[in-house]
Amino acid sequence: MSLKKKIKKLFTIKDKKKFIKKTIICFLGITGMGFFLSFLIMCGLGTDPYTFMNRSIASTLGWTLGNWQLLLNAVMLIFVILIRPKLIGLGTIFNMVLIGYYADFFCWLWERLIPSSVFEPGVAQIVIFVIALFGFIISAAIYMNSNLGLSPYDGTGKIITEWLHKIPFFIVRIAYDSMAIVVGMLFSGTPTIGIILMAVGLGPAITLVGKYMKKLGI
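For the structure given in this document, a descriptive report is provided here. (Residues numbered from 1 in each chain as written. Predicted model: local features only at pLDDT ≥ 70, side-chain atom pairs only at ≥ 80, totals over all residues. Heavy atoms only, no water.)

**A few points about the overall build of the protein**
The criterion, for reference: Where helices and strands are cited, they refer to DSSP runs of H or I of at least four residues and of E of at least two residues respectively, numbered from the N terminus. Relative accessible area decides the class of each residue, using a 1.4 Å probe on protein chains only: under 20% of the type maximum gives buried, over 50% gives exposed, and in between gives partly exposed. Only heavy atoms matter for contacts: two residues are in contact if any of them lie within 4.5 Å across the pair. Only the protein chains shown count as cover for residues, with accessible areas throughout obtained via the Shrake-Rupley method and a probe of 1.4 Å.
Helix and strand counts for the protein stand at 9 helices and 0 strands. In sequence order, the protein lays out its α and β elements as α-α-α-α-α-α-α-α-α. Residues counted as buried form 44% of the 218 residues belonging to the protein. A sequence separation of at least 24 residues applies to 78% of the contacts in the protein between residues at least 6 apart. On the protein, roughly 12100 Å² of surface is accessible, and the fraction owed to carbon and sulfur atoms is 72%.

**Comments concerning the packing of helix 2 (residues 16–43) against helix 5 (residues 90–113)**
Quick reminder of the rule: Each axis is a line fitted through C-alpha atoms, taken for helices only over the stretch in contact, and angles between the N-to-C directions span 0 to 180 degrees. Crossing handedness is defined as follows: a turn of the near helix away from the far one that is anticlockwise and smaller than a right angle gives a left-handed crossing, while the clockwise case is right-handed. Polarity classes work like this: nonpolar for Ala, Val, Leu, Ile, Met, Phe, Trp, Tyr, Cys and Pro, charged for Asp, Glu, Lys and Arg, and polar for all others, with Gly in that last group.
The geometry of helix 2 relative to helix 5 is characterised by a closest axis approach of 7 Å and an angle of 35° between their N-to-C directions. Where helix 2 crosses over helix 5, the handedness of that crossing is right-handed. Here the contact of helix 2 with helix 5 is composed, by residue class, of 19 nonpolar, 6 polar and 1 charged.

**With respect to the pattern of salt bridges**
In plain terms, the rule: A side-chain nitrogen of Lys or Arg and a carboxyl oxygen of Asp or Glu constitute a salt bridge if their distance falls within 4 Å.
Counted according to the given criterion, the structure contains 2 salt bridges. One salt bridge connects R84 with E162, and the closest N-O pair in it is separated by 2.7 Å. Placement of the pair is R84 in the loop between helix 4 (65–83) and helix 5 and E162 in helix 7 (residues 152–163), with a sequence separation of 78 residues. Under the relative-accessibility criterion, E162 is labelled partly exposed at 31%.

**Considering helix 3 (residues 49–61)**
The line we're drawing: Each helix should span, by expectation, one fewer than its residue count multiplied by 1.5 Å.
Between the first and last C-alpha of helix 3 there are 19 Å, a value that for 13 residues agrees with the 18 Å anticipated at 1.5 Å per step. If you check which residues of helix 3 are buried, you get P49, Y50, T51, F52, M53, N54, S56, I57 and A58. Following helix 3 by one or two positions, G62 has its phi on the positive side, about 80°.

**Focus on the packing of aromatic side chains**
We count it as follows: Aromatic pairs are defined between Phe, Tyr and Trp rings, using the six-membered ring for Trp, whenever the two ring centres lie within 6.5 Å; interplanar angles under 30 degrees are classed as stacked, those over 60 as edge-to-face, and all others as tilted.
Within this structure, the stated rule accounts for 15 aromatic pairs. Ring plane angle 70° and centroid distance 5.7 Å describe the contact between F27 and F94, whose orientation is recorded as edge-to-face. You can see F27 sitting in helix 2 and its partner F94 sitting in helix 5, a full 67 residues away along the chain. A residue is classified by how much of its surface remains accessible, and F27, at 34% relative accessible area, is partly exposed. Ring geometry for F35 against F106: centres 5.2 Å apart, planes inclined by 90°, an arrangement best described as edge-to-face.

**Observations concerning unusual backbone geometry**
Apart from glycine, the bulk of residues carry a negative phi angle, and the bulk of peptide bonds sit in the trans form. A positive phi angle, near 55°, is found at N147, a position not held by glycine. Inspection of the secondary structure puts N147 in the loop between helix 6 (123–145) and helix 7. Assessed through its relative accessible area of 60%, N147 is described here as exposed. Of note in this structure, S188 is not a glycine but carries a positive phi near 75°. Here S188 shows up in the loop between helix 8 (169–186) and helix 9 (193–215). Note on S188: relative accessible area 64%, which makes it exposed.

**Here we look at the side chain of S56**
Tracing the backbone shows S56 in helix 3. Look at S56 and you get buried, because its relative accessible area is 8%. With near-sequence residues (within four places) excluded, S56 lies in contact with G184, F187 and G189.

**A few points about the side chain of S38**
Rule in force here: In protein, a polar contact requires one atom able to donate a hydrogen and another able to accept it; more generally it is a pair of N or O atoms within 3.5 Å, and residues adjacent in sequence count only if both atoms are side-chain atoms.
With respect to the element layout, S38 can be found in helix 2. A polar side-chain atom of S38 sits 2.8 Å from a polar atom in the side chain of W110. For S38, the residues in contact, after removing those within four places along its chain, are A103, F106, C107 and W110.

**So, the nonpolar core**
Counted only if it meets this: Residues belong to one nonpolar core when they are buried, are Ala, Val, Leu, Ile, Met, Phe, Trp, Tyr or Cys, and are joined through side-chain atoms within 4.5 Å.
Judged by nonpolar contacts, the single largest core of 31 residues is most densely connected at I30, M33, L37 and L40. Not counting the four nearest positions on each side in its chain, L37 is found in contact with T47, D48, T51, I99, A103 and F136. Ranked by size, the runner-up nonpolar core spans 10 residues in total, among them Y50, I57, W68 and M76.

Written out as structure tokens, the structure is:
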């Protein structure tokens, strides 16, 4: 099957009403991820491994997070489409295009509206970080449970897991995320506690939110 036919098949809609509902939910999840990610960045206590890596590289290149992340996502998207096109959907496009730019925009906004002292070490910083971390994890879980496609980063990780089928998924995922952290460190990034909390909390949150969404018939 040609690449053009693969892409056309990905976006064939069978149940339009259900698709619209999932699209709205997916979009809200992605928006929430970008919104809360901006607070995590402002607090400086850590983000998810992929964002950590991309911010480190973007900073070294003098690029914005949104521009670098979009370029890297586009490269990985081609790889995923060629190997496992079924992993791609409208949610993939939302994720790869919007999150980085959302984070850039909201960080720009907070720098102008919120005193920088709020994000400096202290009680306020910790409270904002905890709320933002929880919000990001829940938003990510909502996005993933909409089942409208994986992000290029997650899709690549899933393909690697399938290739290494004898190795448990969680081990492959830890190694995959650890690689992203190492790359970030090579570009002068400093990993913090937020990365660990993100890795530990995302899995259970995805499961919990998924069960709740099924009860609602989503």
